[in-house]
Amino acid sequence: MCYKRVLSSRFRGTAGDVRWYAIIKEGDSPRLGMATSRRFLNTAVKRNRVKRLIRESFRLRKHLIENKDVVIVVRRSVEDEQQLRSDLNKIWHRVSEIK
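Our subject in this report is the structure included herewith. Quantities reported herein were computed from a predicted structural model and do not represent experimental measurements.

Reading the values: the criteria
Residues numbered from 1 in each chain as written. Predicted model: local features only at pLDDT ≥ 70, side-chain atom pairs only at ≥ 80, totals over all residues. Heavy atoms only, no water. Helix = DSSP H or I, 4+ residues; strand = E, 2+ residues; numbered from the N terminus. Polar contact = N/O pair within 3.5 Å; in protein donor to acceptor, adjacent residues only side chain to side chain. Buried < 20%, exposed > 50% of the residue type's maximum accessible area, 1.4 Å probe, protein only. Lys, Arg positive; Asp, Glu negative; His and termini not counted. Salt bridge = Lys/Arg side-chain N within 4 Å of Asp/Glu carboxyl O. Contact = heavy atoms within 4.5 Å. Pairing = 2+ DSSP bridges. Right-handed = clockwise from strand over helix to strand, strands pointing away.

1. A few points about the side chain of K25
Along the chain, K25 turns up in the loop between strand 2 (18-24) and strand 3 (31-35). From its side chain, K25 meets the backbone oxygen of S29 in a polar contact 2.5 Å long.

Structure follows, in structure tokens:
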């Protein structure tokens, strides 16, 4: 996955503290990229926990996403896991609507 290409895509949005970018690609399997910052998630434990939650959410919903590359960028400190899950569900729904 070329992050530069995905980040310059016109398909993008924000859900809570999470920013997303997506592109339509050839092939049928979706791919996920993530970026978390030490600035907002200051310990490796927090960053890894957030990445695990994002990966698990993606795994459960990748049948909706089909042929897209998606990059998730965590923009602020994520304290509430339920809120993060809710934001991710909104993101997967929006990405699935891209044609």
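2. A closer look at the side chain of K68
Within the secondary structure layout, K68 lies in strand 4 (residues 68-74). With no salt bridge to any partner, buried K68 finds its closest opposite charge in E66, at an N-O distance of 4.7 Å. Among the polar contacts listed, one links the side chain of K68 to the backbone oxygen of I98, at a separation of 3.5 Å. Not counting residues within four places of it along the chain, the set of residues in contact with K68 comprises I23, I24, K25, P30, R31, V95, S96 and I98.

3. Quick look at the pairing of strand 3
As defined by bridge partners, strand 3 adjoins strand 4 across five bridges and the pair is classed as parallel. Bridge pairing in strand 4 places M34 opposite I72. In this fold, strand 3 hands off to helix 2 (residues 44-65), which returns the chain to strand 4; that crossover is left-handed.

4. A short note on the pattern of salt bridges
Under the counting rule described, the total for this entry stands at five salt bridges. Its salt-bridge partner being R76, residue D17 comes within 3.2 Å of it at the nearest N-O pair. Of this pair, D17 sits in the loop between strand 1 (11-15) and strand 2 while R76 sits in the loop between strand 4 and helix 3 (81-96), and the two are 59 residues apart along the sequence. Classification of D17 as partly exposed rests on a relative accessible area of 26%. By relative accessible area, which is 43% here, R76 ends up partly exposed.

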